[in-house]
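A closer look at the structure
Next come the chains, spelled out residue by residue.
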Amino acid sequence: MNAWANIKAIVKRELGGYFTSPIAYVFLIIFLLLAGFFTFTVGSFFERGEASLVSFFTWHPWLYLFLVPAVGMRLWSEERRLGTMELLLTMPVTTWQAIVGKFLASWLFLALALALTFPVIVTVNWLGDPDNGVIFAGYMGSLFLAGSYLAVSCMTSAMTRNQVISFIVSVVICLFLILAGYTPVTDLLTRVANPRVVEVVAAFSVMTHFEGFQRGVLDVRDVVFFISVIGFTLFATGVIIRNHRAG
Amino acid sequence: MIKVENLVKAFGAKVAVNDVSFTVERGEVLGFLGPNGAGKSTTMRIVTGFIPPTSGRVTVGGHDIVDDPLPAKRLFGYLPENAPGYADMTVHGFLNFCAEVRGLHGEARMRAVGRAVELCFLQAVLHQSIDTLSKGYKHRTCLAQSLIHDPDILIMDEPTDGLDPNQKYEVRNLIKSMGEKKAIIFSTHILEEVEAVCSRVIIIDRGRIVANGTPAELKARSPEGRLEDVFRAITLPDTVHH
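Let me sum up the structure you'll find in this document. Nothing here was measured: the structure is a model prediction, and the numbers come from that model.

Thresholds applied
Residues numbered from 1 in each chain as written. Chains lettered and ligands numbered in written order. Predicted model: local features only at pLDDT ≥ 70, side-chain atom pairs only at ≥ 80, totals over all residues. Pairing = 2+ DSSP bridges. Helix = DSSP H or I, 4+ residues; strand = E, 2+ residues; numbered from the N terminus. Contact = placed C-beta atoms within 7 Å. Axes fitted to C-alpha atoms, helices over the stretch in contact; angles between N-to-C directions. Nonpolar A, V, L, I, M, F, W, Y, C, P; charged D, E, K, R; others polar. Parallel < 35°, antiparallel > 145°, perpendicular 65-115°, else oblique. Left-handed = near helix turned anticlockwise from the far one by under 90°.

**A word on the sheet that holds strand β4 (residues 55-60) of chain B**
Residue and element names in this part refer to chain B. The four strands lie next to each other as β2-β1-β4-β5, forming an open sheet whose pairing is antiparallel. Sheet topology places β2 (14-24) and β5 (63-64) at the edges, where each strand pairs with a single neighbour. Sheet topology places strand β1 (residues 2-11) next to β2; seven bridges connect them, and they run antiparallel. Bridge pairing in β2 places Lys9 opposite Val17. Along the sheet face, helix α1 (residues 40-47) touches β1, β2 and β4 and points at about 120 degrees away from the line of β1.

**Thoughts on the interface of chain B and chain A**
Taken together, the contact between chain B and chain A spans 22 residues of the former and 21 residues of the latter. Of all the elements in the fold, those that place two or more residues in the side of chain B that touches chain A are α2 (69-75) and α3 (91-101) of chain B. It is α3 of chain B that contributes the most residues to the side of chain B that touches chain A, four residues altogether. Split into classes, the residues belonging to the side of chain B that touches chain A amount to 12 nonpolar, five polar and five charged.

**Here we look at the packing of helix α12 (residues 183-192) of chain A against helix α13 (residues 195-203) of chain A**
Residue and element names in this part refer to chain A. Close contact between α12 and α13 brings their axes to 8 Å; oriented N to C, the two are set at 150 degrees. Taken together, α12 and α13 sit at an angle that is classed as roughly antiparallel. In the crossing of α12 with α13, the sense of the turn from one axis to the other is right-handed. Contacts from Thr186, Leu189 and Thr190 in α12 reach Pro195, Val198 and Ala202 in α13. Residue composition of the contact of α12 with α13, grouped by class: four nonpolar, two polar and no charged.

Here you go:
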C-alpha cells in the first residue's frame, strides 16, 4: 500500500539518521550504563535476594524522563530549523504519514535500546528462577512508557525549531505524567484534597499504569491508557504542524 | 498544467499575496520576478501545498492542491528557497530517500538517482554528507531532488541563488532545455536570467501582479527597451513604503 510505503521510507531515513550521527551510540551506551547502575547499585539487585527485575523496571520512568526527550527533541524541530519540512511536506506524503513514520522510527530505536538490556534477563534466570511472564509484561510496560514519553517529545518538538526548548518542555510534561501518580505526591495530595480527586489525577499518570505491568498484569485498561496518550499527543502534533503551516 | 485563481494569503493583518491569478502550460517557462518580500516565495509555497491559501484556488494537473494534494504533489518537483537538505545524510542517501518517497524502487530508483546526479554534476560529492557541502553543491543537491522523478512540472524558488557564474549558466541552460517539455515556474530577482530563460514573465510587487507578458513585450514598454527600467518603473523601491 502506498501509505505504508511512504511510512516505511520515512522510518528508514530516520533510523539511518540516528546511526550516521553519534547520537545512537552515545544514547545506547549511556542508557545501558545508567540502567545497569540503577538496577545493581541504587536498586540493590543482589541484596534483594529475589529472582525478579523489580529493581530494574522501577527506575525506568525516571531514566526515560531525560533520555527519551533527548531522542525525540529533534524529530520536528530539526525539520523546521533546516527547512526540510517544506521539502518533506510538498512531496507526495501526508502529514500523518510523516508523523507516524518519525514516531515509529524513534520508538523502534528505543525498543532496540531496551532489547540490549537482555543481560539482566540472562543474569536473573541464571541466578534464580524468576517468573518470565512477569518480566515480559515489565518489558511491554517499559516499551509503552517509552512510547508515551516519545509521543510527548514529538509534540513538543513540533512546537519549536529550538531543540533545547523542545527538550525542556517535554521533560516537564513527562515529569507531570510521573508525579501525578507518584506515591509520595499522591500521599501529600490526599491530605489537602478529596481522595476521589486524587484518584482521578493519578489515573492520568504513567506510574499508575506502569505499575500494573510490573506486577505482571497485562490489563487492557493500562494498554489503552498508553495507546491513548500516544494517539492524543501525535494528533496534537498534527494540529501543531497544520497551524504552523497556516501561519 | 498549473492554474492559480484569485490567490490571497494574509498573515494576520499583513497581506502577502493579494489576488494573484495565472496559468502555466506545458512548454512554458514562467519567470516570477519581484523585489525581496514581494510574495514570490509565499505564492510558491501555496502552489506546492506547503501552506494553505486564505482564499483562492490552485489546481496542479487538474487536482486541487488543498482538497486532493497527493495526486497534485506527484506531478511536480519543488526546489524551496535556500535549498534545504537533511544535514546528516549523504547526497546519495538523500536522493535515494527522495526517490523512494516518489514511489521509485529497485532498478528504476537507481536509474533515477543516476540521472539526477548526472544532470546536476554531483558525482564528486555523492558520498559526502550534506552539511559538509559548499553552497553551490548543496543547492544542486536540492535541485537534483526536484528532478528525480522527471516531473512534468517544476517549481523552483531562486534556482540560481548562491551559484557561481559557471553554475548559473549551467542551471539556466538546464531550465531552458527542460522548459520545452515541461511546465516550469521559477522565481528570481536577477533580470538577465529572465531574459535568458523565460518564455513569459510575471512581475509581482507587494503581493500583486503588476505585469504579465513575454520578456519582449515587457521590454517594449521602456523607451530604451531595457527590462531593468520597466522593473524599476512598476515596482516601488523598499524605501518608499517604509
